[in-house]
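# Fold and contact review
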Amino acid sequence: MDEIDEIVQEFLVESHENLDQLDRDLVALEREPDSRDLLGSIFRTIHTIKGTSGFLAFGKLESVTHVGENLLARLRDGKMSMSPQTTDVLLAMVDTVRDLLSVIERSGGEGDLDVSGVVALITDVLEGRAPEPAPAAPAAEPVAETAPVAEPAPVVEHVDAAVEHEDTTTRRTVADSSIRVDVELLDTLMRLVGELVLTRNQIVRQAGEAEDVEMIRSSQRLNLIATELQEGVMKTRMQPIDNLWSKFPRVVRDLGASCGKQVTLNQVGKETELDRSLLEAVKDPLTHLVRNAVDHGLESPEARRAAGKAGEGTVTLRAYHQGGQVVVEVSDDGAGIDADKIAAKAVERGIRTQAQVAQMSPADVLQLIFVPGFSTAAAVTNVSGRGVGMDVVRTNIEGIGGTIEVESVVGRGTTCRLRIPLTLAIVPALTVECAGDRYAIPQVSLLELVSLDADRASSAIEDLNGALVYRLRGALLPLVHLSDVLGVESDRSDGHVLIAVLQADGKRFGLVIDRVLSTEEIVVKPLGSQLKALGTYSGATILGDGRVALILDVQALARRVLNTDGVDQSEGDDFDASSVLTEQMRMLVAGIGGERRVAIPLSSVTRLENLTESVVERIGNREVIQYRGGILPVVRLNNYLGSYSERESDELVVVVYSVGDRSAAIVVEEIVDIIDEETEFHSDVADHGVLGSTLVRDRIVEVLDVRAAILSADPTFYTASDLLDAELQETM
Amino acid sequence: MSTRLVTFTLDGRLYGVDVNAVQEVLRGQPQTRIPLAPDSVSGLINLRGQVLSAIELRAQLGLSDREDEHEPMLVVVRVGGEPIALLVDSIGAVIDVEDEQFEQPPDTLAGPSRDLLIGAYKLDDRLLLALDVDRAVAA
């Protein structure tokens, strides 16, 4: 009897709280008998208890709450009105429910408590009034008046006595052994522990320098206690993943039924715990994956039998801890994903070129399903394939510092594997130095570190037509200098090269840094709103010496340097016309006359101005305007792109576009809109001055090649030193 | 009606922000520079475990850069619940000003400061320029 099921315990805690509320509500109801709100609240409480007790097979509890619910439903719907008798029977019902709960708490079962009296009472009230509300009232009265006082009273006494007998002080009741805590309080505690961890890091470092034995000893103890406290507080926020999974059997059943598939759902590792905020964050992605597995993963029973498999498909959810992360897998034993089909689709959609997919391993090809604009569903079904695809899943998972990958064997099934951090607030990270500044790289993205001395670096780092690569165990690893990405001057001049091999979006790349400092647990601090938009940093942290270090957003970094097919793609005229830029960006949509619209990346647009034609002056054969103490070259897009402007006014609509500290004035006819969406444009319809086109609300919008446009007005606009900046701005 | 302003100087001019917006005033703190950030955000500072963006008001107001040897002071303001540090040259007194002393900025005021200044309070010997904190911190 000590082995009360965990579910039952939760049920008891919850019900006890609910009952206290119920008592107050019932009394309040007597004062305002017509309050629908109160009645609704009482009804819901009883309904919840009824539902759960039915589920847990507490028959008596269910029968009592069932009649109670009926009575309440009538009251709530206005078919009956409150009277002292109804209040009495309702209170009697609540008392009986409470008695039953305490019996369950003690013995795990309902015991031999007799509930028929209360059920009869409520039924009487129900039936006595139902047919003829007003005249029937006196008839019901005697029953109602005598019964509630007489009947339940002995029951209560009996139970109370029993409780006193059996309840020794050694056992706390369920309601007392756990408390509900405000999540905000937990968050505050978590934040304070974060502070403590930082202070600890500082003290441990100082103690190490001080060489004072006593000090070192105390700091070690502090270290230990702080670690334990951190774990303890983290645990308070931990919840078993079952809280999330518990709704999946239903989801799978319903979905299976509507798709005409038979599905069994296995859940392994239900008790695996993770931070509640993360639990919330993985809810939608996980639901999506489970739906996908049933809808697209599993074949129809006929197809399965034809393939020699059981007609009933299996979806397995598995969760476990691995290396400070939680791994959640969603597997099905369905048809699997054919890498060749994915590759063909990717080429068809223009996501990758034929040449690109030919070089990719089958495993890499599979990861393409996470690329925006890719959907494998041949037909749009009711359940999935409505635009919210795997790319959204990936975005969500990466948003919480996790990763996702897919494995599949044709004919055997598919597994999606999520790796998510245990908690968001404190993450293990590698601190590195670049140009004298320190940065933190979350360990989750870090695969390994490679150190090359000057001799080896000069031969091992090769130049692939301008793109630097390193042969890492035979495979070419693209290299990116952090100093170049950030537009700072590296202070490493001895030729020694340090490479942090990072993984993001299922791709690897090497980030070249100046120095590796240490690995430590860092506390993630959010950045102010001005800096979030940069998309380069996922946050900041405070290092052991109290200085602030930025946390690199490896996913964003990768997207910026990898998806554009190498950093220096726009450097020359040999621009790969079939490449596709896929970026989450905001675009300014402007009309340029003749019904044509162009999109300009908003990230580099500094201002929109309405000026008069008279401000335009000339330097040689070029048009310029004076603007905020500078001279801006003027690009008239209608002339540049050869569209006919029918507008005849001397007002100029100017988009001030800035790269670094230089600006240009782009003249358009009108500003139409700002769009904020995952835009994906194909370059294969490139025309003069246009990178490609995209659809915005069913209209074709040409994506302006801003660089070329500005160069047409000022060939020196991008000087050599600004080059990288410019590219970054453009790809942002 | 009178208003209480925390005053500070930038490039020899006197500016003020509403005292209610100000959380505290600090001497210069070590800053972490932020590559790629707009000029107006000069860095990040650690204020008792909180990471704050430091806004270079000189850049926001279109003034010349501060000389390197001159250590800036920090005025920590709360904007929308988020603390942000404003870099200024020096801190002045807390001054009570009357509504009668206030005047809108002149029509001739141009440039970035036009958006950032609410107006001027005419003190006996000089003008006190009232800063719109919300706009001043917007990047």
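Our structure is the block above this text.
Below is a summary of the structure that appears in this document. Residue positions within a chain follow its written sequence, with the count starting from 1. By the order in which they are written, chains take letters starting at A while ligands take numbers starting at 1. At least 70 in pLDDT is required for a residue's local features to be given in this predicted model, at least 80 for side-chain atom pairs to be given and counted, and no such filter applies to totals for whole chains, interfaces and linings, which use all residues.

### Examining the overall build of chain A
- For chain A, the helix and strand inventory stands at 25 helices and 29 strands.
- As a rule, residues whose C-beta atom has 12 or fewer other C-beta atoms within 10 Å are exposed, those with 20 or more are buried, and those in between are partly exposed; C-beta atoms are placed from the backbone. Taken across its 732 residues, chain A has 38% of its residues classed as buried.
- Residues are scored as being in contact if the C-beta atoms we place from backbone atoms lie within 7 Å. Looking at chain A alone, contacts between residues at least 24 apart form 66% of all its contacts between residues at least 6 apart. The numbering of helices and of strands both runs from the N terminus, where a helix is a DSSP run of H or I of at least 4 residues and a strand a run of E of at least 2.

### Section: the overall build of chain B
- Counting its regular elements, chain B contains three helices and eleven strands.
- Tracing chain B from N to C terminus, the helices and strands come up as β-β-β-β-β-α-β-β-β-β-α-β-β-α.
- When each of the 139 residues of chain B is scored for burial, the buried share is 35%.
- Of the contacts made within chain B by residues no fewer than 6 positions apart, 56% connect residues no fewer than 24 positions apart.

### Focus: the interface of chain A and chain B
- At the junction of the two partners, chain A supplies 20 residues and chain B supplies 19 residues.
- For the side of chain A that touches chain B, the secondary-structure elements that each account for two or more residues are α9 (183-210), α21 (529-532), β17 (537-542) and β18 (548-552) of chain A.
- The element best represented in the side of chain A that touches chain B is β18(A), accounting for three residues.
- Tallied by class, the residues present in the side of chain A that touches chain B amount to ten nonpolar, five polar and five charged. Any residue that is not Ala, Val, Leu, Ile, Met, Phe, Trp, Tyr, Cys, Pro, Asp, Glu, Lys or Arg is counted as polar, Gly included; the first ten are nonpolar and the last four charged.

### A short note on α9(A)
- Take the number of residues in a helix, subtract one, and multiply by 1.5 Å to get its expected span. Between the first and last C-alpha of α9(A) there are 40 Å, a value that for 28 residues agrees with the 40 Å anticipated at 1.5 Å per step.
- Phi turns positive, to about 55°, at Glu211(A), one or two residues after α9(A).

### Some points on the nonpolar core
- Core analysis: the largest hydrophobic core is formed by 84 residues, its most contacted members being Ile55(B) and Leu86(B).
- Considering every element that reaches this core, the biggest residue donor is strand β14 (residues 497-504) of chain A, with six residues.
- Not counting chain neighbours up to four residues away, the residues in contact with Ile55(B) comprise Ser40(B), Val41(B), Gln60(B), Ile84(B), Ala85(B), Leu86(B), Leu87(B), Ala136(B) and Val137(B).
- Linking buried Ala, Val, Leu, Ile, Met, Phe, Trp, Tyr and Cys residues through C-beta atoms within 7 Å yields a set, and such a set is a nonpolar core. Ranked by size, the runner-up nonpolar core spans 45 residues in total, among them Leu244(A), Phe248(A), Leu265(A) and Val371(A).

### Observations concerning unusual backbone geometry
Residue and element names in this part refer to chain A.
- One non-glycine residue, Ala-57, lies in the positive phi region at around 65°.
- When you line up the elements, Ala-57 lands in the loop between α2 (36-55) and α3 (59-76).
- Judged by local crowding, Ala-57 falls into the exposed class, with 10 C-beta atoms found within 10 Å.
- Its identity is not glycine, yet Ala-435 carries a phi of approximately 55°, on the positive side.
- As for its position among the elements, Ala-435 is in the loop between β8 (426-434) and β9 (437-442).

### Focus on the sheet that holds strand β13 (residues 475-481) of chain A
Residue and element names in this part refer to chain A.
- Whether two strands pair comes down to DSSP finding at least two bridges between them. Spatial ordering of the open sheet is given by β10-β14-β15-β13-β12-β11, a layout of six strands whose pairing is mixed. Because the sheet does not close on itself, it has two edges, and the strands there are β10 (446-452) and β11 (461-464). Pairwise comparison of adjacent strand axes, ignoring direction, gives a mean angle of 35° for this sheet.
- Here four bridges tie β11 to strand β12 (residues 467-472), and the two strands are oriented antiparallel to one another. Looking at β12, one finds that Glu-462 is bridged to Val-469.
- Here an axis means a line fitted to C-alpha atoms, over the contact stretch when the element is a helix, while the angle between two N-to-C directions is reported on a 0 to 180 degree scale. Most of the contacts of helix α22 (residues 554-562) go to strand β15 (residues 507-513), to which it runs at about 100°, and overall it touches β13, β14 and β15.

### Let's talk about α22(A)
- The buried fraction of α22(A) is high, at seven of nine residues.
- The complete set of buried residues in α22(A) reads Val554(A), Gln555(A), Leu557(A), Ala558(A), Arg559(A), Arg560(A) and Val561(A).

### Some details on the packing of α3(A) against helix α4 (residues 84-107) of chain A
All names here are of chain A.
- Where α3 meets α4, the axes come as close as 10 Å, and the angle between the chain directions of the two elements is 155°. Considering the angle they form, α3 stands roughly antiparallel to α4. Crossing of α3 over α4 shows left-handed handedness. Touching Lys-60, Leu-61, Val-64, Thr-65, Gly-68, Leu-71 and Leu-75 of α3 are Thr-86, Leu-90, Met-93, Thr-96, Val-97 and Leu-100, all from α4.
- Its residues placed into classes, the contact of α3 with α4 shows eight nonpolar, four polar and one charged. Note on angle classes: values under 35 degrees are labelled roughly parallel, values over 145 roughly antiparallel, values of 65 to 115 roughly perpendicular, and the remainder oblique. Handedness of each helix crossing follows the sense of rotation of the near helix against the far helix: counterclockwise by less than a right angle gives left-handed, clockwise gives right-handed.

### Points about the sheet that holds strand β2 (residues 263-268) of chain A
All names here are of chain A.
- Strand order across the open sheet formed by five strands is β2-β4-β5-β7-β6, with mixed pairing between neighbours. Every other strand in the sheet has two partners, leaving β2 and β6 (403-409) as the edge strands with one partner each. Here the strands of the sheet are splayed against their neighbours by 15° on average, with no regard to which way each runs.
- As paired strands, strand β5 (residues 325-332) and strand β7 (residues 413-421) are joined by eight bridges and run antiparallel to one another. Each bridged residue has a counterpart across the sheet, and for Glu-329 the counterpart in β7 is Arg-417.
- Across the face of the sheet, helix α12 (residues 248-259) comes into contact with β2 and β4 (313-322) while running at roughly 160° to β2.
- Against the sheet, helix α18 (residues 390-399) engages β6 and β7, with an angle of about 135° to β6.

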